[in-house]
4 protein chains.
Amino acid sequence: MKSERYLILNLKSFTESFGSNSADIGRIAKGASEEYGVSVIVCPPAPWLSAVAETGAETYAQHCDPCGPGAFTGFTSPEMIKATGATGILMNHSEHKLKLHEVEFLVDSCRRIGLSATVCADTVNTVAAVSALGPHIVAIEPPELIGTGISVSSARPEIITRAIDAVRKINGSVPVIAGAGITGEQDVKRSVELGASGALVASAIVRSGSRRELIYRMASELL
Amino acid sequence: MKSERYLILNLKSFTESFGSNSADIGRIAKGASEEYGVSVIVCPPAPWLSAVAETGAETYAQHCDPCGPGAFTGFTSPEMIKATGATGILMNHSEHKLKLHEVEFLVDSCRRIGLSATVCADTVNTVAAVSALGPHIVAIEPPELIGTGISVSSARPEIITRAIDAVRKINGSVPVIAGAGITGEQDVKRSVELGASGALVASAIVRSGSRRELIYRMASELL
Amino acid sequence: MKSERYLILNLKSFTESFGSNSADIGRIAKGASEEYGVSVIVCPPAPWLSAVAETGAETYAQHCDPCGPGAFTGFTSPEMIKATGATGILMNHSEHKLKLHEVEFLVDSCRRIGLSATVCADTVNTVAAVSALGPHIVAIEPPELIGTGISVSSARPEIITRAIDAVRKINGSVPVIAGAGITGEQDVKRSVELGASGALVASAIVRSGSRRELIYRMASELL
Amino acid sequence: MKSERYLILNLKSFTESFGSNSADIGRIAKGASEEYGVSVIVCPPAPWLSAVAETGAETYAQHCDPCGPGAFTGFTSPEMIKATGATGILMNHSEHKLKLHEVEFLVDSCRRIGLSATVCADTVNTVAAVSALGPHIVAIEPPELIGTGISVSSARPEIITRAIDAVRKINGSVPVIAGAGITGEQDVKRSVELGASGALVASAIVRSGSRRELIYRMASELL
């Protein structure tokens, strides 16, 4: 049985995530997940959701449109994401923010159809706000650190602990993970020491020359 | 000294709110406010913010763009609203919803420059969420009742009490007012009996043939 | 060599388009395309772009975000669509409209990276406007007929001829296809008789119990 | 009778446009307009539309929402703008871009209720596109020059002449004005020499210590 620890790999829209790259990362994630008994989740671009899900990796969409199935041209609904074999949705990332009622719609849709809803927020107050909606996981990512290589856990540890405190008061059962600037296993380790249930990583993995090693080392520090 | 009771009049974009109508309602609101020692607040369309503020009525904008002053064409910032003489902003109305981080930006801007932030939400969970951002007032408006003449306080009283309970847990000091389908003083009275700190009214006032009487009767029931 | 006639199948977000359905329609489209020497193009939901492209069918995305590859979470760029094996983008559908400058960005991106840009518009004036941007195909779809089963070619033939005239004046080389309410081969035939270069079809195909027959009959009427 | 020459003053959201500033500029614009027999048009922030219109200056809104009057909270419709005494709308500015069908809706609304529609675009192709919608005036503003003090007429004269050519082919009767980086009367003069019907100016006027002199000198060069 897996512990409630999460390493979420956001592959964004990098060319390094296109084509077979997403599934390659999926296979590594699956291996690391089994090795350490933690959740290593891959968020590929929408066109490669099925390919990643078929590797057996836990697969989340990077975003979702707040609609259902039907006569909607060019939208991606929770039901569509579920039909790919994915098991969750990352939403409200600071690069793709949503209206408040859209987050609520998506969290409710996820609960109804059996997907996991991971909601991002980039301040302590908005982390508190989204935790009131009952998501499965909340991710705190100070946007000024995203892509910098300066990790939130070293540069702004207090934002992690304050976010965790805020969530505990409102909805104690929701795990909080930390992201932004996570480049090495020490950043993951530090996040967990601060009380987080894991980490959200993007460019460090996608652009690494040694993805496998890095994913395994990060996963090993979740425990 | 005024009690912490609020009657907010949302004049929307009805033609009956254009031109001198907004200031006419402003004068009535000021009178009712003084008569009963409560806040009767007028939210005119943006072009008539100054005209209403000049009547001495408490004046809120119906919406605000999440920006500051500067080289922005066709946007209305909190600073601009303050410069009209208005003292607050109604935001995230179900007809004009915002992204979560925009609500946070606007609530923070209001606090910084001395405006009152009234944040609308249309479910118990989103009321809880916005209360975590520290607004001055939260308004619950189930959108399916807006404009129906069937008041939230009679048709969905439990949504008011549950919203109040949710806010109490997260941010106990924030007053909750109720809106949607409020047409008469009995709806205001019932809202207050349910624990609300007031009511949000729109078409019933704007389209009434006896605005003065209706506003006064509603204000009198706030106590 | 194919004639410049197009049957574009917009699979929208119907559950009947999920999973293997999109590729099934892709195989039929490929067959009909070869049988009649016309372009029968399939627009699946984003998660099944690769699956359709692998059938050998001409594959267009239903929508595209106006961005490039990079650190963008949950967006679908032209480059990403090309990487799936798709060869074009349907854009500005009346269910998913774009800002004018976004249409320009996407048309320019398509030209640069070798994708076909089919731009929808729902009035004669907006058809004229988008033709000035140099798309590969323009599609006119009066939104009030979409999904009705009343075809544009029978109910509003003059909108097709006026759209074609408007495009001829501005950018004579751009083919115009017609959509909305197209349910049978007679609608396709009539569109071509009016001067259109083909048709855009959605629910009639997706929800048909005899997709193969219908697609073949429609394709046969393009000539 | 005025010539068909236009100087449009976009006051944006600068603090220097707040309060009595807008009307002060309105009075200057009215004087310059009468002195030279040209249109000097003031675009104040929405809250000061009435105050500017009352000076007798030609007054345009900086933006407009694509809706009509009614139960819309916090939107500004063409009808609302007309009710302020303003006579036109500047729209689709590069700082506040619209969807294509929204531009069409607004241009049509303006025609129907008797407002002037000035549509901005920032490339030759989008200038061509919007001219197909039948606006009263088209403004070309290369966004990379906005606010730089390097004028479009000196740095990119060919973009003005190409925009004029493009509009002539599609809708010969539409005047084209030029904006971006216009700081002095020589920039206005040069724009007119290139065939433009006037200029669109913003920060140079708003932030000038000698607004009156600058507006008069610019207006004088329109002839």
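Just so you know, the residues in each chain are numbered from 1, in the order the chain's sequence is written. Naming scheme: in the order in which they are written, chains are lettered from A and ligands are numbered from 1. Thresholds applied to this predicted model are a pLDDT of at least 70 for local features of residues and 80 or more for the giving and counting of side-chain atom pairs; totals over whole chains, interfaces and linings are not thresholded and use all residues. Excluding hydrogens and water, the side-chain values take into account all heavy atoms of the structure.

## Let's talk about the packing of aromatic side chains
What counts as a ring pair is set by centres within 6.5 Å for rings of Phe, Tyr and Trp (its six-membered ring), and what kind of pair is set by the plane angle: stacked under 30 degrees, edge-to-face over 60, tilted for all other angles. Within the structure shown, the criterion is met by eight aromatic pairs over all chains. Ring geometry for A:Tyr36 versus A:Tyr216: centroids 6.1 Å apart, planes at 70 degrees, classification edge-to-face. Pair noted here: A:Tyr36 is in helix α1 (residues 20–36) and A:Tyr216 is in helix α10 (residues 211–220), with a separation of 180 residues, a long-range link. Judged by relative accessible area, which is 25%, A:Tyr36 ranks as partly exposed. On the accessibility criterion, A:Tyr216 (13% relative accessible area) is buried. Note on geometry: a ring has a charge over it if NZ (lysine) or CZ (arginine) is within 6 Å of the ring centre and within 35 degrees of the ring normal. One Lys or Arg, C:Arg212, reaches over the ring of C:Tyr216 and ends 4.2 Å from the middle of that ring. Helix and strand labels come from DSSP, where a helix needs a run of H or I of at least four residues and a strand needs a run of E of at least two; each type is numbered from the N terminus. Three exposure classes are used, based on accessible area relative to the maximum for each residue type with a 1.4 Å probe and protein chains only: buried under 20%, partly exposed in between, and exposed over 50%.

## So, the sheet that holds strand β4 (residues 88–91) of chain D
All names here are of chain D. The sheet built from eight strands closes into a barrel, its strands ordered β1-β2-β3-β4-β5-β6-β7-β8 with parallel pairing. Neighbour-to-neighbour, the strand axes of the sheet open up by a mean angle of 25 degrees, direction not taken into account. Sheet topology note: the strand β5 (residues 116–121)/strand β6 (residues 137–140) ladder contains four bridges and is parallel. When the sheet's bridge partners are listed, Val-119 is paired in β6 with Val-138. Note on contacts: a residue pair qualifies if any of its non-hydrogen atoms lie within 4.5 Å across the two residues. The convention used is that axes are lines fitted to C-alpha atoms, helices contributing only their stretch in contact, and that angles between N-to-C directions extend from 0 to 180 degrees. Strands in contact with helix α1 (residues 20–36) are β1 (6–10) and β2 (39–43); relative to β2, the strand with the most contacts, it is inclined by about 165 degrees. The strands touched by helix α10 (residues 211–220) are β1, β2 and β8 (198–201); relative to β1, the strand with the most contacts, the crossing angle is about 150 degrees. When DSSP finds two or more bridges between a pair of strands, those strands are recorded as paired.

## Quick word on the relation of the copies chain C and chain A
Least-squares fitting of chain C to chain A yields an RMSD of 0.0 Å, with the transformation described by 0.0 Å of translation along the axis and a rotation of 180 degrees. In the structure described here, the two chain copies are related by an operation that fits a two-fold rotation axis. Among all C-alpha atoms of chain C, that of C:Pro47 lies closest to the rotation axis, at 2.1 Å. Interface residue correspondence from chain C to chain A reaches 100%, placing this contact among same-surface, isologous pairings. All copies are superposed by least squares; the fitting set is the C-alpha atoms of residues with a pLDDT of at least 70 in both.

## Re the sheet that holds strand β1 (residues 6–10) of chain B
One closed barrel accounts for eight strands, arranged β1-β2-β3-β4-β5-β6-β7-β8 (chain B); its pairing is parallel. Across the sheet, the mean angle from the axis of one strand to that of its neighbour is 25 degrees, orientation sign disregarded.

## Some words on the interface of chain C and chain A
With 28 residues of chain C at the contact, the number on the chain A side is 28 residues. Using a 1.4 Å probe, buried area is obtained as the accessible area two parts lose upon being combined, added over both of them. The junction of chain C with chain A conceals about 2,500 Å² of combined surface from both sides, 64% of it contributed by carbon and sulfur atoms. A pair is scored as a salt bridge if a Lys or Arg side-chain nitrogen falls within 4 Å of a carboxyl oxygen belonging to Asp or Glu. The interface formed by chain C and chain A includes zero salt bridges. Here a polar contact is recorded for every N or O atom pair within 3.5 Å, except that within protein the pair must consist of a potential hydrogen donor and a potential acceptor, and residues adjacent in sequence are included only if both atoms are side-chain atoms. Here chain C and chain A share 20 residue pairs in polar contact (both at pLDDT 80 or more) between them. Polar here means any residue other than Ala, Val, Leu, Ile, Met, Phe, Trp, Tyr, Cys and Pro, which are nonpolar, and Asp, Glu, Lys and Arg, which are charged; Gly is therefore polar. In the side of chain C that touches chain A, the residues fall into twelve nonpolar, 13 polar and three charged.

## A word on the confidence of the model for chain A
By definition, pLDDT measures how confident the predictor is in each residue, and it falls between 0 and 100. Across chain A, pLDDT averages 95, with 99% of residues at or above 70. Taken together, the chains of this predicted complex give a pTM of 0.96 and an interface ipTM of 0.95.

## Observations concerning helix α1 (residues 20–36) of chain B
By definition here, a helix of n residues has an expected span of 1.5 Å times n minus one. Spanning 17 residues, α1(B) covers 25 Å between terminal C-alpha atoms, matching the ideal 24 Å at 1.5 Å per step. The positive-phi residue at the C-terminal boundary of α1(B) is B:Gly37, with phi of around 65 degrees.

## Concerning the relation of the copies chain B and chain A
Overlaying chain B on chain A yields an RMSD of 0.0 Å, the required transformation being a rotation through 180 degrees with an accompanying axial translation of 0.0 Å. Taken together, the interface assignments show that 100% of the residues at the interface of chain B recur at the interface of chain A, consistent with an identical surface on both copies.

## Comments concerning the state of the cysteines
All names here are of chain A. In this description, the term disulfide denotes a pair of cysteine sulfurs within 2.5 Å. A full pass over the atoms with the stated rule returns zero disulfides over all chains. Left unpaired, Cys-120 is separated from the closest cysteine sulfur, that of Cys-43, by 8.5 Å. When its relative accessible area of 1% is taken as the criterion, Cys-120 is described as buried.

## Here's the deal with the pairing of strand β3 (residues 58–61) of chain D
Residue and element names in this part refer to chain D. Summarising the sheet, β2 and β3 pair through two bridges and their orientation is parallel. Directly across from Val-42, in β3, lies its bridge partner Thr-59. Of the pairings in the sheet, the one linking β3 to β4 comprises two bridges and is parallel in character. Bridged to Tyr-60 within β4 is Gly-88. Traced from β3 through helix α3 (residues 78–83) to β4, the parallel crossover comes out right-handed. For the handedness criterion, the strands are oriented away from the viewer, and a crossover whose path from the first strand over the helix to the second runs clockwise is classed as right-handed.

## Regarding the interface of chain B and chain A
Opposite the 16 residues of chain B that make contact, chain A presents 16 residues. Roughly 1,600 Å² is buried in total at the junction of chain B and chain A, and carbon and sulfur atoms are behind 65% of that figure. Inspection of the region where chain B meets chain A yields zero salt bridges. Applying the counting criterion to the chain B and chain A interface returns six residue pairs in polar contact (both at pLDDT 80 or more). Residue assignment for the side of chain B that touches chain A shows that the elements contributing at least two residues are α4 (100–113) and α5 (124–131) of chain B. When residues of the side of chain B that touches chain A are assigned to their parent elements, the largest contribution, five residues, is made by α5(B). Looking at side-chain class alone, the side of chain B that touches chain A contains eight nonpolar, five polar and three charged residues.

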